[in-house]
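Examining the three-dimensional arrangement
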Amino acid sequence: MRKKIVAGNWKMNTLPAEGVELAKNIVGQRTTVSGEVNFLVCPPFTHLAMVAEALKGSDIALGAQNCAAEAKGAYTGEVAASMIAALGCKYVILGHSERRQYYGETSETLNKKMEQVYANNLTPIYCVGENLDEREAGKHFDVVKTQIEEVVYNLTAEQFRNLVIAYEPVWAIGTGKTATAEQAQEIHAYIRKVLAVKFGAAADECAILYGGSCKPSNAAEIFAKADVDGGLIGGAALKADDFLAIGKGFEK
Ligand code: PEP
């Protein structure tokens, strides 16, 4: 049985006190959704310690949105995976399309970040996905295959067992446009096939999340698909009731 996961990517939103309030509201309403659904939130770095405190005693996990490619040292402005782990994080989002697009994140950097994440016993949520031009040119399968081959294929079998993938078509992120459930299933199944080429049957155990304008009204249809194991949620993760209602998508 694969894990059912709903992960909130807060991006660069909320002031610290607002983030704490949001976390407390999520904890407060948690019992409205089945305990089978694993929730996690990824606030900005500045909020991690305070949000960790707000989540204490709940089963909502904490994640970061990025980490440094190096372990420590003279890297002004960077945040090491060890620091994130020390604050109680369990997950780190890596390779989000916004980081690839605006911060020039490449497979080379992501391989180094992966190493740091595993060295600190964190679980990466590795994002893949095509942009609109690539989708329209029918290149989406090749794009995600390359993103997986260049990074995930470098993992050991043991590391792979502790990996979450998020398929996020760039044209659906923050645009209100969602991939159809059929489009999501088609590419999730393909991703699982690409993973199986390298990791065999273990690919069946890997949680693959969908991300891109996922909300309470469309989650159930998308999550009903065989190879969709949950969602990476941006905008709708900023409201506790919407975020939790997305988790209810598994119950329908
Ligand atoms: C994201 O950026 O990870 C995301 C899925 O954003 P949104 O839900 O706002 O499209």
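Now for a description of the structure that goes with this document. If you're wondering where the values come from, they're calculated on a predicted model, not measured in any experiment.

Attention now moves to the overall build of the protein chain. Helix and strand content of the protein chain: 11 helices and eight strands. A compact globule built from 252 residues should have a C-alpha radius of gyration of about 18 Å, and the protein chain, at 17 Å, falls within 12% of that. In terms of principal-axis extent, the alpha carbons of the protein chain reach across some 50 × 45 × 35 Å. The proportion of buried residues among the 252 residues of the protein chain is 52%. At a minimum sequence separation of 6, the contacts of the protein chain that also span at least 24 residues come to 72%.

Now for the pattern of salt bridges. Evaluation of the coordinates by the stated rule reveals 13 salt bridges. For Glu-105, the salt bridge identified is with Lys-113, shortest N-O distance 2.5 Å. Accessibility assignment for this pair places Glu-105 and Lys-113 in one class, buried. Linked through salt bridges whose partners overlap, the residues forming this network are Arg-2, Arg-192, Asp-227 and Asp-229.

A few words on the pairing of strand β1 (residues 4–9). The buried count for β1 comes to five of six residues, which makes it a mostly enclosed element. Two strands pair when backbone bridges link them, and β1 and strand β2 (residues 37–42) are joined in this way by six bridges, in the parallel orientation. By the bridge assignment, Val-6 is partnered in β2 with Phe-39. Of the crossover connections in this fold, the one passing from β1 over helix α1 (residues 16–29) to the parallel β2 is right-handed. Alignment of β1 against strand β8 (residues 230–233), held across four bridges, turns out to be parallel.

Below, the discussion takes up the pairing of strand β3 (residues 61–64). Both faces of β3 are covered, namely the face carrying Ala-61 and Gly-63 and the face carrying Leu-62 and Ala-64. Handedness of the crossover joining β2 and β3 through helix α2 (residues 48–55) is recorded here as right-handed. In this structure, β3 lies alongside strand β4 (residues 91–94), joined through two bridges in parallel fashion. Note on β4: the bridge partner recorded for Gly-63 is Tyr-91. Handedness of the β-α-β unit built from β3, helix α3 (residues 81–86) and β4 comes out right-handed.

We now examine the sheet that holds β8. Strand order in the closed barrel made by the eight strands is β1-β2-β3-β4-β5-β6-β7-β8, with parallel pairing throughout. Each strand axis lies, on average, 25 degrees off the axis of its neighbour in the sheet, ignoring direction. Bridge analysis of β4 against strand β5 (residues 123–128) gives four bridges, and the strand direction is parallel. Looking at the pairing, Tyr-91 lines up with Thr-123 of β5. This element, helix α7 (residues 140–151), spans β5 and β6 (164–167) of the sheet and lies at about 145 degrees to β5.

Taken together, 14 residues form the shell around the ligand, and within it Lys-11, His-96, Glu-168, Gly-174 and Ser-213 come nearest. For the ligand, an oxygen atom lies 2.7 Å from a polar atom in the side chain of His-96. Here an oxygen atom of the ligand sits 2.7 Å away from a polar atom, N or O, in the main chain of Ser-213. Contact with the protein chains hides 95% of the accessible area of the ligand, taken as 290 Å² for the molecule alone.

What follows deals with unusual backbone geometry. Its identity is not glycine, yet Asn-121 carries a phi of approximately 55 degrees, on the positive side. Secondary-structure assignment places Asn-121 in the loop between α5 (107–119) and β5. Even without a glycine there, the phi angle at Ser-213 is positive, about 55 degrees. Its location among the elements puts Ser-213 in the loop between β7 (207–211) and α10 (216–223). Given the relative accessible area of 17%, Ser-213 is considered buried.

How each quantity is defined
Residues numbered from 1 in each chain as written. Predicted model: local features only at pLDDT ≥ 70, side-chain atom pairs only at ≥ 80, totals over all residues. Heavy atoms only, no water. Helix = DSSP H or I, 4+ residues; strand = E, 2+ residues; numbered from the N terminus. Rg over C-alpha atoms; globule rule 2.2 N^0.38 Å. Buried < 20%, exposed > 50% of the residue type's maximum accessible area, 1.4 Å probe, protein only. Contact = heavy atoms within 4.5 Å. Salt bridge = Lys/Arg side-chain N within 4 Å of Asp/Glu carboxyl O. Pairing = 2+ DSSP bridges. Right-handed = clockwise from strand over helix to strand, strands pointing away. Axes fitted to C-alpha atoms, helices over the stretch in contact; angles between N-to-C directions. Near = heavy atom within 4 Å. Polar contact = N/O pair within 3.5 Å; in protein donor to acceptor, adjacent residues only side chain to side chain. Areas by Shrake-Rupley, 256 points an atom, 1.4 Å probe, with all protein chains shown as cover.

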